[in-house]
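Read off the chains here:
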Amino acid sequence: MLKYLKKYRLECVVAPLFKMFEALLDLFVPLVVASIIDRGIGAGSAGHVWRMSGLLVGLAAVGLAAAITAQYFAARAATGFAADVRHALFEKLASLSYPDVDRLGVSAMITRMTSDVNQAQTGVNMALRLLLRSPFVVLGAMVMAFTIDVRCALIFALVIAALGVVVGAIMAANIPMMQGVQRQLESVLGATRESLTGARVIRAFRREDAEYQAFRAKNRELTSRQRRAGWVSALLNPVTYVIINLAVILLVRQGAIRVNTGALTTGQVVALYNYMSQILVELIKFASLTITINKAWASWKRIADVLALTPSMGYPARTEGAASAGAPAVAFDHVTLTYPGAASPALEDIDFAAYPGQTVGIIGGTGSGKSSLARLIPRFYDATEGAVRVNGVDVRDYDKADLRGRIGVVPQKASLFKGTIRDNLRWGRPEAGDDALLEAAEIAQAADVLAAKGGLDGEVDPNGGNLSGGQKQRLTIARALVRRPEILILDDSASALDMATDARLRRALAGLDYRPTVFIISQRAASILAADLILVLDDGKIVGRGTHRELLETCPIYQEIYASQFGGQDGQPTVAAIREGATA
């Protein structure tokens, strides 16, 4: 935490100093009150009473000014600290690889960015104001008590020792419980996020009651954890009150005996009682502070765990090696991919080459590994075995910006961001002019989307909420085309398009004034009929490769896929359909 408070050294020094100055003034108040009782009221001196009363008002005014100053500097340090931590956390999360994000989880990242950072900020603010002030007042009151009467002051020492044991024990028990509360909060947040993003599906299947019951169960567990943690932390106040009040009884009794013997004056006993009251007030504050710091510390540990993460995929500072003349645009050299924690490989022994300007179609059943193959090219994941090369250079030897700058990716799930259509299309090339954006939209068959939404200045809701699935897909294709990539990956990105629009899109891509290497991943055989190379995947393996005609003659799985979409009655494969396709 000190790393992020380094910029606020002045605030971190000034805030506690002013709070301790305020506390020092408070320690003089019981002495002034004792003087009023003994030398004013006891001696019948009205002038002395007025002078000491004025001094009390002055101490209060100066103490108020000191407290306000301390609060100002503490707030500056705490808010600045939270902003810096949030920036560092966002930067760290943005640097994590796909496997890291999968392992950490979106809900956990959101909780750390919001709830955990806010808890840590509150903890810093309270710590700067009270962490030194309360112990200073407690110890100061004990020292002042010793200056009045040693025997009575021993009661103070005994009380402070007992309270230290109680506070330490409760903190030790409470911190792990607070961490459990934050973990359960992540679970509730995850359930909320899933329910909100899938609201239409939930309504379509009339699952509202089931989702509500599942949410209630998670929320009930969160409430239960909070209550258990609160029950432990709530012990601080009553235990503190019991110990302090027992001490007050003992102090009054001892003080009365000392007054009777003439060792103490009435004013001094009142001063001792006031010091004990100050200890009570400060320990109540400290109990509240302890609860806050417990929460803040639990949250900070969760933040620190993320900040300490080392991304599982590193990148060189600059690309190592140069593109080889005549090298394939993309080459898979006996690649196997096993996701972290998976029992079996998602891809196994994938070996092929795609040359510049070629179109490669990838087809296969659900879960056959099509998207996994696409994710290896821009190095979203690293191959477990083998190597993926772009222009003859291993993707692991590329600088991140260099590699991603060569590739345009249209993901399976279209994602757009709040802003204008122009803002979204410029993600691929921030300096692109309107002509380049309109040209890309025309190629992606998105001109009608622009017309319907008010042109490039049309507003896009978060995640494209005001667009249909097909409209989002066409805009994401346009976004990838704006950068004019060397390699274009279309990961089932036309699934929401009708057949006619899909056909126009493929014709427009074939007519580009530059020739990127295009990977078309699709469930539709029609989308890849004209591909230079078609790869048929099944259970993570390549079971067929070649052109459309070659595969119709040699690959049973491709024959089945093709016949199911273009075949005979009930979509069953027929010899006539296959022969017709082979001669088409």
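Everything here concerns the structure above.
Residues numbered from 1 in each chain as written. Predicted model: local features only at pLDDT ≥ 70, side-chain atom pairs only at ≥ 80, totals over all residues. Heavy atoms only, no water.

(A) Representation of unusual backbone geometry in the model. The phi dihedral of His 334 is positive, around 50°, even though this residue is not glycine. By the element assignment, His 334 lies in strand β1 (residues 330–337). Positive phi, close to 55°, is recorded for Asp 539, a residue that is not glycine. If you trace the backbone, Asp 539 turns up in the loop between β11 (533–538) and β12 (541–546). (Helix = DSSP H or I, 4+ residues; strand = E, 2+ residues; numbered from the N terminus.)

(B) Representation of the layout of surface pockets. Estimated volume of the largest pocket: approximately 2500 Å³. What lines the largest pocket is a set of 50 residues, and nearest its centre among them are Tyr 98, Pro 411, Lys 413, Ser 415 and Phe 417. Taken together, the residues of the lining of the largest pocket break down into 26 nonpolar, 12 polar and 12 charged. The computed volume of the second largest pocket comes to approximately 390 Å³. If you go around the second largest pocket, you meet 17 residues; those closest to its centre are Met 1, Leu 5, Val 124, Ala 127 and Leu 131. Those elements that provide at least two residues to the lining of the second largest pocket are α1 (2–5), α2 (9–41), α5 (106–131) and α11 (266–307). Considering every element that reaches the lining of the second largest pocket, the biggest residue donor is α5, with 6 residues. Classifying every residue of the lining of the second largest pocket by side-chain character gives 15 nonpolar, 1 polar and 1 charged. (1 Å grid on protein atoms, 1.4 Å probe; cavity = no way out; pocket = protein on both sides within 12 Å on 5 of 7 lines; lining within 4 Å. Points joined across faces, edges and corners; volume = space filled by probe spheres on them. Nonpolar A, V, L, I, M, F, W, Y, C, P; charged D, E, K, R; others polar.)

(C) Representation of the sheet that holds strand β3 (residues 359–364). Across the sheet, 6 strands lie side by side as β6-β9-β10-β3-β11-β12; this open sheet has mixed pairing. Whereas interior strands pair on both sides, the edge strands pair on one side only; in this sheet they are β6 (407–410) and β12. Along the sheet, successive strands turn relative to each other by an average axial angle of 15°, direction set aside. Examined bridge by bridge, β3 and strand β10 (residues 517–521) share 4 bridges and lie parallel to one another. Within the sheet, the bridge partner assigned to Val 360 lies in β10 and is Phe 519. Sheet strands touched by helix α17 (residues 469–482): β6 and β9 (487–491). Its angle to β6, the strand with the most contacts, is close to 175°. Sheet strands in contact with helix α20 (residues 556–566) are β3, β11 and β12, and its direction is about 100° off that of β11. (Pairing = 2+ DSSP bridges. Axes fitted to C-alpha atoms, helices over the stretch in contact; angles between N-to-C directions. Contact = heavy atoms within 4.5 Å.)

(D) Representation of the nonpolar core in the model. Formed by 44 residues in total, the largest nonpolar core has its most connected members in Leu 475, Leu 481 and Tyr 558. For this core, the element with the most residues is α17, which contributes 6 residues. With residues near it in sequence (within four places) discarded, Leu 481 still touches Ala 440, Ile 443, Ala 444, Leu 488, Leu 509, Leu 512 and Tyr 514. Grouped together as the second largest cluster of nonpolar side chains are 41 residues, Ala 141, Ala 153, Val 159 and Leu 272 included. (Core = buried A, V, L, I, M, F, W, Y, C linked by side-chain atoms within 4.5 Å. Buried < 20%, exposed > 50% of the residue type's maximum accessible area, 1.4 Å probe, protein only.)

(E) Seen up close, the pattern of salt bridges. Here the structure, examined in full by the defined rule, presents 23 salt bridges. Residue Asp 434 pairs with Arg 426 through a salt bridge whose shortest N-O separation is 3.8 Å. The class for Asp 434 is partly exposed, based on a relative accessible area of 32%. Given the relative accessible area of 27%, Arg 426 is considered partly exposed. Note that Arg 506 and Asp 502 form a salt bridge whose closest N and O atoms lie 3.6 Å from each other. Pair noted here: Arg 506 and Asp 502 are both in helix α18 (residues 499–510), with a separation of 4 residues, about one helical turn. A network of salt bridges, in which partner residues are shared, links Lys 19, Glu 22, Asp 26, Arg 133 and Glu 282. (Salt bridge = Lys/Arg side-chain N within 4 Å of Asp/Glu carboxyl O.)

Any functional reading would require information beyond the geometric quantities listed.
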